[in-house]
Amino acid sequence: MADTEFVLSEDRTHSFIRDWLSDCVIASDGRLPFAGPPDNSLLGLVNARFHQLFIKHSSFASDEFTIKHTFADGKEISVVDQFEGCGHLKMLTLPLRQTSKPAFRLTIGHQSFFVLKDAHIPPSAALRNFYTSMIRAAQKRHRAA
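Residues numbered from 1 in each chain as written. Predicted model: local features only at pLDDT ≥ 70, side-chain atom pairs only at ≥ 80, totals over all residues. Heavy atoms only, no water.

A.B. asks: How would you summarise helix α2 (residues 40-48) if you had to cite specific residues and measurements?
C.D. replies: The complete set of buried residues in α2 reads Leu42, Leu43 and Val46. One face of α2 carries all of its buried residues, which in axial projection span an arc of 100°. Exposed and facing more than 90 degrees away from the buried side of α2 are Asn40 and Ala48. (Buried < 20%, exposed > 50% of the residue type's maximum accessible area, 1.4 Å probe, protein only. Helix = DSSP H or I, 4+ residues; strand = E, 2+ residues; numbered from the N terminus. Arc of directions from axis to C-beta.)

A.B. asks: How would you summarise the nonpolar core if you had to cite specific residues and measurements?
C.D. replies: Core analysis: the biggest nonpolar cluster contains 26 residues, and Phe16, Leu21, Ile55, Leu89, Met91, Ile108 and Met134 have the highest contact counts within it. Only β1 (3-9), α1 (10-20), α2, β4 (51-56), β7 (89-96), β8 (103-110) and α3 (125-143) provide two or more residues apiece to this core. Sorting elements by how many residues they give to this core places α3 first, with seven residues. Discounting residues that sit within four places of it in the chain, Ile55 has contacts with Leu21, Cys24, Val25, Ile26, Phe60, Phe65, His88, Leu89, Met91 and Met134. (Core = buried A, V, L, I, M, F, W, Y, C linked by side-chain atoms within 4.5 Å. Contact = heavy atoms within 4.5 Å.)

A.B. asks: Requested: an account of the environment of Ser22, with residues and values cited.
C.D. replies: Take Ser22: it is sitting in the loop between α1 and β2 (25-28). Sequence spacing of Ser22 and Pro38 is 16 residues, and the spatial spacing of their C-alpha atoms is 6.1 Å. Only 3.2 Å separates the side chain of Ser22 from the backbone oxygen of Asp19, close enough to count as a polar contact. (Polar contact = N/O pair within 3.5 Å; in protein donor to acceptor, adjacent residues only side chain to side chain.)

A.B. asks: Account for the pairing of β8, with residues named and values stated.
C.D. replies: Here β8 lies mainly inside the structure; seven of its eight residues are buried. With seven bridges joining them, β1 and β8 adopt antiparallel strand pairing. Bridging from a neighbouring strand, Val7 pairs with Arg105 of β8. The pairing of β7 with β8 spans eight bridges and is antiparallel. (Pairing = 2+ DSSP bridges.)

A.B. asks: Describe the packing of aromatic side chains, and please don't skip the residues or the numbers.
C.D. replies: What characterises a pair of aromatic rings is the spacing of the ring centres plus the angle enclosed by the ring planes. In total, this model carries three aromatic pairs according to the counting rule given. On the basis of an interplanar angle of 15° and a centroid distance of 6.2 Å, the ring pair of Phe16 and Trp20 is categorised as stacked. Pair noted here: Phe16 and Trp20 are both in helix α1, with a separation of four residues, about one helical turn. Under the relative-accessibility criterion, Phe16 is labelled buried at 0%. Note on Trp20 and Phe130: the rings are 5.2 Å apart at their centroids and 50° apart in plane angle, and the pair reads as tilted. Here Phe130 lies in helix α3 and Trp20 lies in helix α1, a separation of 110 residues in the sequence. Owing to a relative accessible area of 10%, Phe130 belongs among the buried residues under this scheme. Between the NZ or CZ atom of Lys56 and the centre of the ring of Phe65, over which it lies, the distance is 4.7 Å. (Phe/Tyr/Trp six-rings, centres within 6.5 Å; stacked < 30°, edge-to-face > 60°. Lys NZ or Arg CZ within 6 Å of the ring centre and 35° of its normal.)

Structure follows, in C-alpha cells:
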C-alpha cells in the first residue's frame, strides 16, 4: 500500500471530506458503524478521535462495503472487511490537539488484496488514478495553509 501524509486545519479537513469525497461511499468501523456519503455525523466521528476511514468511488468500485459484527469486551463492534471487493482507499484521521488551531494528520493510501500465500492482486489502474487525484486535491489544501 502506498501512503501519503498531510497536516490540514480542521476547516480544510472538513471541506476536503465534504467536497472532494462527496461522490464516495465512506465506511468506518467501531461501536457505531458508518457507511455512506460524507455528512455531519461522519465529521463528528472524525473530530472525536483517531479514525480509520475506507473510501470507495464508482470509478473503481461497484460493490458495497461488507461490515462484520463481532464482540470485544462484551460490546458489539462493527468491522469493515478489508479483503472483500474491488478495492478501496484508506484514510487515517488523527486530531492534533496540541496545536494552537484544531488540525488533523491525514494518512491516505490504497489497498491491494492478498489472495494467496505468495501472490496478490494489485490495485486497479482506476483505483490508483483516483488515489493520485485525491492526493493532488489534498496537496492543494495543504499548500494553501
